[in-house]
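Analysis of the macromolecular model
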Amino acid sequence: MPELSPEVFVTDTATTKNSLIVVSNRLPFVLKTNPETKALERKASAGGLVTAVCPVVINGKGLWVGWSGLHLKDDVVIPESDPNDHTPTAGLKSSQVVCVNMDPLIFDSYYNGCCNGTFWPLFHSMPGRAIFSSDHWRNYVIANKLFAKRTIEALERCHESQRENVGTPIVWIHDYHLMLAANWVREAAEEKGLAFQLAFFLHIPFPPWDIFRLLPWSDEILQGMLGCDMVGFHIRDYCLNFVDCCQRSLGCRVDRKNLLVEHGGRSVRIRPLPIGIPFERFVELATRAKRVIKTKQQIILGVDRLDYTKGLVNRLKAFELLLEKHPEHLGNVNLLQIAVPSRTDVKEYQELKEEMDQLVGRINGRFTTANWSPIRYIYGCVSQDELAAFYRDAKVALVTPLRDGMNLVAKEFVACQISESPGVLIVSPFAGAGEMMHEALLCNPYEVDDAAEVIHRALTMPEDERKLRMSRLRRREMENDVNHWMRCFLKAMGSLEEDDIGTTSMQPVSIDDFDEFLLNYIGYNHKLALLLDYDGTLAPIAPHPDLAILPPETKNVLLRLSNHSDVHIAIVSGRNVDNVRQMVGIEGITYAGSHGLEIIHPDGSKFVHPMPIEFEDKVSHLLKELQDSVCGDGAWVENKGALLTFHYRETPVDLRPTMVEKARRIIKKFGFLAHDAHCALEAKPPVQWNKGRASIYILRTAFGVDWTERMKIIYAGDDATDEDAMQALKGIAMTFRVTSSHIVKTSAQRRLPSTDSVLTMLKWVERHFMRRKPRANSLTYKSRRKDGMKMQMCFDLSSPSSNTQTSSSDEPHE
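A brief look at the structure comes next. (Residues numbered from 1 in each chain as written. Predicted model: local features only at pLDDT ≥ 70, side-chain atom pairs only at ≥ 80, totals over all residues. Heavy atoms only, no water.)

A short note on the overall build of the chain
Let me state the cut-off plainly: A run of H or I in DSSP counts as a helix once it spans at least four residues, and a run of E counts as a strand once it spans at least two, with each numbered from the N terminus. Exposure categories follow from relative accessible area, calculated using a 1.4 Å probe and restricted to protein chains: below 20% of the type maximum is buried, above 50% is exposed, and the middle band is partly exposed.
A tally of helices and strands in the chain yields 25 helices and 31 strands. For the chain, the C-alpha atoms occupy an extent of roughly 110 × 65 × 50 Å along the three principal directions. The buried share among the 814 residues of the chain stands at 59%.

As for unusual backbone geometry
A positive phi is found at N407, a non-glycine position, where the angle reads about 80 degrees. Among the structural elements, N407 can be located in the loop between β15 (396-399) and α12 (409-416). The phi angle at D633 is positive, at roughly 55 degrees, despite the residue not being glycine. Relative to the helices and strands, D633 resides in the loop between α20 (613-629) and β23 (636-639).

Points about the nonpolar core
Here is the rule: Here, nonpolar core means buried Ala, Val, Leu, Ile, Met, Phe, Trp, Tyr and Cys residues that are tied together by side-chain atoms lying within 4.5 Å of each other. Contacts are residue-level and defined by heavy atoms, with any inter-residue pair within 4.5 Å sufficient.
By size, the foremost hydrophobic cluster in this structure holds 178 residues, and its most contacted members are V53, F206 and F489. Filtering out sequence-adjacent residues up to four positions away, V53 remains in contact with L20, V22, W64, W172, W485 and M486. Of all hydrophobic cores here, the second largest spans 91 residues; its members include F517, A642, A674 and L762.

Observations concerning the packing of helix α9 (residues 312-325) against helix α14 (residues 448-459)
The following threshold applies: Axis lines are fitted to C-alpha atoms, over the contacting stretch for helices. Their N-to-C directions set the angle, which ranges from 0 to 180 degrees. Here the angle decides the label: under 35 degrees means roughly parallel, over 145 means roughly antiparallel, 65 to 115 means roughly perpendicular, and every other value means oblique. We call a crossing left-handed when the near helix sits turned anticlockwise from the far one by less than a right angle, and right-handed when that turn is clockwise. Gly is put with the polar residues, along with every residue not named as nonpolar or charged; the nonpolar set is Ala, Val, Leu, Ile, Met, Phe, Trp, Tyr, Cys and Pro, and the charged set is Asp, Glu, Lys and Arg.
Where α9 contacts α14, the axes come no closer than 8 Å and their chain directions differ by 65 degrees. Between α9 and α14, the interaxial angle falls into the category roughly perpendicular. Remark: the crossing between α9 and α14 carries right-handed chirality. Mapping the contact onto sequence places N314, K317, A318, L321, L322 and K325 in α9 and V448, D449, A451, A452, E453, I455, H456 and L459 in α14. In the contact of α9 with α14, the residues fall into 8 nonpolar, 2 polar and 4 charged.

Quick notes on the packing of aromatic side chains
Rules: Between 30 and 60 degrees the pair is tilted, below 30 it is stacked and above 60 it is edge-to-face, where a pair is any two Phe, Tyr or Trp rings, Trp via its six-membered ring, whose centres lie within 6.5 Å. Only Lys NZ and Arg CZ are tested; either one counts as a charge over a ring when it is within 6 Å of the ring centre and within 35 degrees of the ring normal.
With the rule as written, the count across this model stands at 29 aromatic pairs. Judged by centre distance (6.2 Å) and plane angle (65 degrees), the rings of F514 and F736 are edge-to-face. In this pair, F514 sits in the loop between α16 (482-492) and α17 (515-522) while F736 sits in strand β28 (residues 734-738), placing the two residues 222 residues apart along the sequence. Taken as a pair, F514 and F736 share a single burial class, namely buried. Directly above the ring of Y308 sits R129, whose terminal nitrogen or CZ lies 4.3 Å from the centroid. One residue, R750, lies across the ring of F517, its end atom 4.3 Å from the ring centre.

Observations concerning the pairing of strand β4 (residues 63-67)
Within a regular beta strand, the side chains point alternately toward one face of the sheet and then the other, so they alternate between its two faces. Under the convention used in this document: In this description, strands pair whenever DSSP reports at least two bridges between them.
Burial analysis of β4 places 5 of its 5 residues in the buried class, the great majority of the element. Because side chains alternate across β4, one face comprises the buried residues L63, V65 and W67, and the other comprises W64 and G66, equally buried. Sheet topology note: the strand β1 (residues 18-26)/β4 ladder contains 4 bridges and is parallel. Looking at the pairing, R26 lines up with W67 of β4.

Concerning the pairing of strand β19 (residues 567-572)
With respect to burial, β19 is a largely interior element, 6 of its 6 residues being buried. Of the two faces of β19, the one lined by V567, I569 and I571 and the one lined by H568, A570 and V572 are each fully buried. Pairing of strand β18 (residues 527-532) with β19 involves 5 bridges; the strand directions are parallel. If you follow L532 over to β19, its bridge partner there is I571. Examined bridge by bridge, β19 and strand β20 (residues 590-593) share 3 bridges and lie parallel to one another.

Structural notes on the side chain of T701
Which entries qualify depends on this criterion: In protein, a polar contact means a hydrogen-donor-capable atom and an acceptor-capable atom, both N or O and within 3.5 Å, with residues adjacent in sequence counting only if both atoms are side-chain atoms; elsewhere, any N or O pair within 3.5 Å suffices.
On the secondary structure map, T701 appears in helix α22 (residues 691-703). Within the structure, the side chain of T701 is placed 2.8 Å from the backbone oxygen of Y697, a separation counted as a polar contact. A distance of 3.2 Å separates the side chain of T701 from the backbone oxygen of I698, its partner in a polar contact.

Some remarks on the packing of helix α18 (residues 552-562) against helix α25 (residues 755-771)
Where α18 meets α25, the closest approach of the two axes is 10 Å, and the angle between their N-to-C directions is 30 degrees. The orientation of α18 with respect to α25, classified from their angle, is roughly parallel. Considering only the axes of α18 and α25, their crossing is left-handed. Of α25, the residues touching α18 (which contributes E553, T554, V557, L558, R560 and L561) are L759, L762, K763, V765, E766 and M770.

Observations concerning the side chain of R315
With respect to the secondary-structure elements, R315 resides in helix α9. Contacts of R315, omitting those with residues within four sequence positions, involve G302, V303, D304, K310, Q337, L398, V399 and T400.

Some thoughts on α9
So the rule is basically this: By definition here, a helix of n residues has an expected span of 1.5 Å times n minus one.
With 14 residues, α9 extends 20 Å between its outermost C-alpha atoms, agreeing within 8% with the 20 Å of an ideal straight helix rising 1.5 Å per residue. A large share of α9 lies buried, amounting to 10 of its 14 residues. Of the surrounding secondary structure, the elements contacted by the buried residues of α9 are β12 (298-305), β13 (333-340), α10 (347-367), β14 (375-379), β15 and α14.

Given below as structure tokens:
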């Protein structure tokens, strides 16, 4: 929508018992420096967001977080509004404004580089125009963290001033500039014990998966948005695109019927919330506006920002073709194209303006007569009174973007069509408005010939058909105005009444959820190797490792699976191997400890990866220095033999950053590698061995060099160390990542919300293998070693290499 000057108006705003904190890239006004007094002054902004939301923030004593339009210092005081200002932002006091300030270079990289250079073209399904820069992405992350920090400050202020019996504050984050912020808001709010509801709304389209996955940081974007309780889009198609991306890119469980995505153990609601306009305001503007079109020709109107997504070049070519194919319109129609300047310092936009200028000049030069010129081209801004007059008196409105989130120009045109002989709306099917405004004529801007015919049909449409179409369009837009949009949002958040789309939470993970992809993967003829992490995967994370007890039901399922001839189990943990063996307590399975540096095979034989001699003594010295330097305030060091783990789960949140950074420096000083874990820092020796290498070794020694042809693999883990195994097994195993609500980059094919869902997956495996008929070509025998260790071996009689073992100087036979 073009940026136009705001007007005074009265609106029936929605109200809520919840305080509303709005977070957007820009404040609802911009700050300007008065050239005479040098004082800061407010200049109100126009737009549907400000119109609908600002009165709710004002009336509910809420807050608005955003950038002011100037790069200010944090101690600069935001001025109050002008006493003569009667726009929607007039009542927003400076105490209700939380200004976000950042370094100008970071802001330029974040805003112009990442937001407008990457997300804008990609989300508008124009990947060829997108620039993927890791520097821009890093600054986007920095900016989103800063917005999140200021939002938490606003939430704290809201709680301090909150009256009794007032509903939980709603934090509403807006648009593609802030798609990561929600996770950091959630994390900090939960740590501080602040009650909140978190929502996000995207004002541009959300692309389909095959385009979205081109983004190198697609996983982070999805998880950033999923940090909210509710994510809103303009239309259902965008919702379904988002749900599809969550399933295909993140491996999340989804419910397409009820528009739900499960992430981090939460059910995130995805809702279509088509934005409207202040309908009565535009009717009033159209009623009082003076006539500005004083020609007898029929006016075809276009109003757009000068942006490559708007299809302006295609529109001019379609109009030129109209004049060629239908010469009866020569001298009788005018195309009035208003192009609002946009990003004039960007070369791509400068080239678009030059192309438009040349095209307008060529068409006018070709068809202009002494008394008539076909195109009137206005490059600049117009007042809303003048725009309303154009809307009112135009006979056809062309809203034909190549891609658009909604496009409010179509709705504004309809609102201003108050004459007895109304015009015709032509809209692109690639705009959100095209999905909603069914009585408009659809026009594919890519088909120039067809577009010319649609324009001809609009110009020659009988009056009774025009009246019928326009009356239905006006009725819908009057009912679904901008305040209806606000009420729908509050309804979706449960602030006004029950959400009427359907259930708001997904059912717990069930055995049947695994049918489709696990059954197709495992089939009925392969053996299965289950490689499972312990803490956070089989056993819930506990404040102390000794308290992370394997649930009895999980242990019983594992025990039964360990006795099945076609299932091999390996527990791959960061604990030392003797500890994890003790915690699980099941004989006849493989145990890998210290991230695979130590392995005990089912027959009791042991593999220990060699450690550089110089590091054997360093472990004890590192342990002592960590204990002397950073242990305190609940932090402690766990000695695992080959490696150490610095735990800080019980440390107060505000003390963690300094303490962890100091521990990291100490670990690196001793030559060890520092790896982040769940509220812990692991010190690992610098050896080329990890859970990935260990998993391949376990499979090879257990099943021979051709194990990939006869085995199916399931790997499940919950932290960064498990990613090594998921990477090593990528393409040859089914991998699961147990994730929290924080942003997690994973190579896993599927995400599971909790250890309970891992148990459900194991139950599916048990059910599947118990249903399978005994393999006719498989012979199983069990023997017991002299030391009492049970040994189970399987021989596939159809394959002479089934019991082939490999050996090397440091890798013993099983």
